[in-house]
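# Structure assessment
Here is what each chain is made of, one letter per residue.
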Amino acid sequence: MGQNRRSDEIADNLSTGQADSAAVQVSGKPGRRTRAFDYGELRLLLLAMIAKQSSHGYELIHEVKERLGGTYKPSPGVIYPALTWLYDRGYTEIDLEKGGRKRYSITREGHAFLSANKGVTDMLMARVVPDAHGKSPQAIVEAMDHLKRALSLRVKRGPVADDAIARIGDIIHVAANQIEALLNAPVLSEGAVKCVADIVTPNGERFLRRLCSHFQHQTPVVTDENSGHFRMSMGEVRMEALEGIFRVSLTALNIEKLYEMQHILVRHLDEAAVREKLHVTWQSV
């Protein structure tokens, strides 16, 4: 296999396949889904980890788990087909060890594949970083244990009504969506600039719904009844529908990007306001 594999074939390999983890809701609405990794991303992530250090399959399972803070552990049925795919295409080679264990190492073609997809690779490797001691953060472990206890204890007391089960599912989906957005969000530099506008209006909830509905077609939006936030290429937007106030908080990479975000938000607010006259005054934070 040569190093000159066509870029469109590489892109197709990354985009096809089933998802490797459970889907979660976007914007709290059934039917809109996002995923931790699809199979294409998982293959690329595994190859990037193998490039750093030759590994066994079970070691890669453990490392992916650590990279996700212990909240998700891929099964052998997910990992090994991905490793087979990498091997079949010549991106890895296998060293058979005592007992028949397979250690995977990257090949020249594998390095070329990573180079051709450097942007995606860097994003995946930076998405979450293992704890310095190789352990899941204690706060996450305790929260997961709390959730398991709450569900286990209630189920042991007897059957749970269908509507309660559906509501529990909705709560977990929304929480998972918020976690996904947080883990995938780019880290803003220390030089980031912030501002906030408290807009006097009795229609804060309507503006929140309108803006969340608009921007969710362009980027993942995390929202509940009274707040919403999302990322743009320029920075982060947070919105709150308070009593008589619609608060918009912006965080941008620099002052030029902040002005651009202000212009975009004001334009969309004016479109949503219809006959209401909004007075938007930005204050530095």
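Residues numbered from 1 in each chain as written. Predicted model: local features only at pLDDT ≥ 70, side-chain atom pairs only at ≥ 80, totals over all residues. Heavy atoms only, no water.

- Named according to an unreviewed UniProt entry, the protein chain is DUF2218 domain-containing protein originating from Chimaeribacter californicus.

## Section: the pattern of salt bridges
- Going through the model one piece at a time under the given rule, you end up with five salt bridges.
- Residue R101 pairs with E97 through a salt bridge whose shortest N-O separation is 3.6 Å.
- For E97, a relative accessible area of 26% corresponds to the partly exposed category.
- Each member of the salt-bridge network shares a partner with another, and the members are E97, R101 and R103. (Salt bridge = Lys/Arg side-chain N within 4 Å of Asp/Glu carboxyl O. Buried < 20%, exposed > 50% of the residue type's maximum accessible area, 1.4 Å probe, protein only.)

## Re helix α9 (residues 204-215)
- Taking 1.5 Å as the rise per residue, α9 with 12 residues should run 16 Å; its terminal C-alpha atoms sit 17 Å apart, in good agreement.
- Every buried residue belonging to α9 is among G204, F207, L208, L211, C212 and F215, and all of these are buried. Buried positions in α9, seen along its axis, are confined to an arc of 125 degrees and lie on one side of it.
- The inward-facing, buried residues of α9 contact β7 (221-223), β8 (227-231), β9 (235-242), β10 (245-252) and α10 (255-273). (Helix = DSSP H or I, 4+ residues; strand = E, 2+ residues; numbered from the N terminus. Expected span 1.5 Å × (residues − 1). Arc of directions from axis to C-beta. Contact = heavy atoms within 4.5 Å.)

## A short note on unusual backbone geometry
- Phi angles above zero are rare outside glycine, and V274 is one such case at about 60 degrees.
- Of note, V274 is situated in the loop between α10 and β11 (283-284).

## A closer look at the pairing of strand β4 (residues 92-96)
- Here five bridges tie β4 to strand β5 (residues 102-106), and the two strands are oriented antiparallel to one another. The residue of β5 that forms the bridge with E93 is S105. (Pairing = 2+ DSSP bridges.)

## Comments concerning the nonpolar core
- Ranked by internal contacts, the top residues of the largest apolar core, which has 27 residues, are M232, V237, M239, F246, V248 and L250.
- The set of elements that each furnish at least two residues to this core consists of β6 (193-200), α9, β9, β10 and α10.
- It is α10 that provides the largest number of residues to this core, a total of seven residues. (Core = buried A, V, L, I, M, F, W, Y, C linked by side-chain atoms within 4.5 Å.)

## A word on the packing of helix α3 (residues 57-67) against helix α4 (residues 76-88)
- Look at α3 against α4: their axes get within 10 Å of each other, and the N-to-C directions meet at 120 degrees. Judged by the angle between their axes, α3 and α4 are oblique. Crossing geometry of α3 relative to α4 is assigned as right-handed. Side by side, α3 and α4 meet where G57, Y58, L60 and I61 of the first sit next to P76, I79, Y80 and L83 of the second.
- Split by residue class, the contact of α3 with α4 holds seven nonpolar, one polar and no charged. (Axes fitted to C-alpha atoms, helices over the stretch in contact; angles between N-to-C directions. Parallel < 35°, antiparallel > 145°, perpendicular 65-115°, else oblique. Left-handed = near helix turned anticlockwise from the far one by under 90°. Nonpolar A, V, L, I, M, F, W, Y, C, P; charged D, E, K, R; others polar.)

## What about the sheet that holds β7?
- Pairing is antiparallel in the open sheet, where six strands are placed in the order β7-β8-β9-β10-β6-β11. The sheet is open, and its two edges are formed by β7 and β11, each paired on a single side.
- Strand contacts of α9: β7, β8, β9 and β10, with the helix running at about 150 degrees to β9, the strand carrying the most contacts.
- Strands in contact with α10 are β6, β9 and β10; relative to β10, the strand with the most contacts, it is inclined by about 150 degrees.

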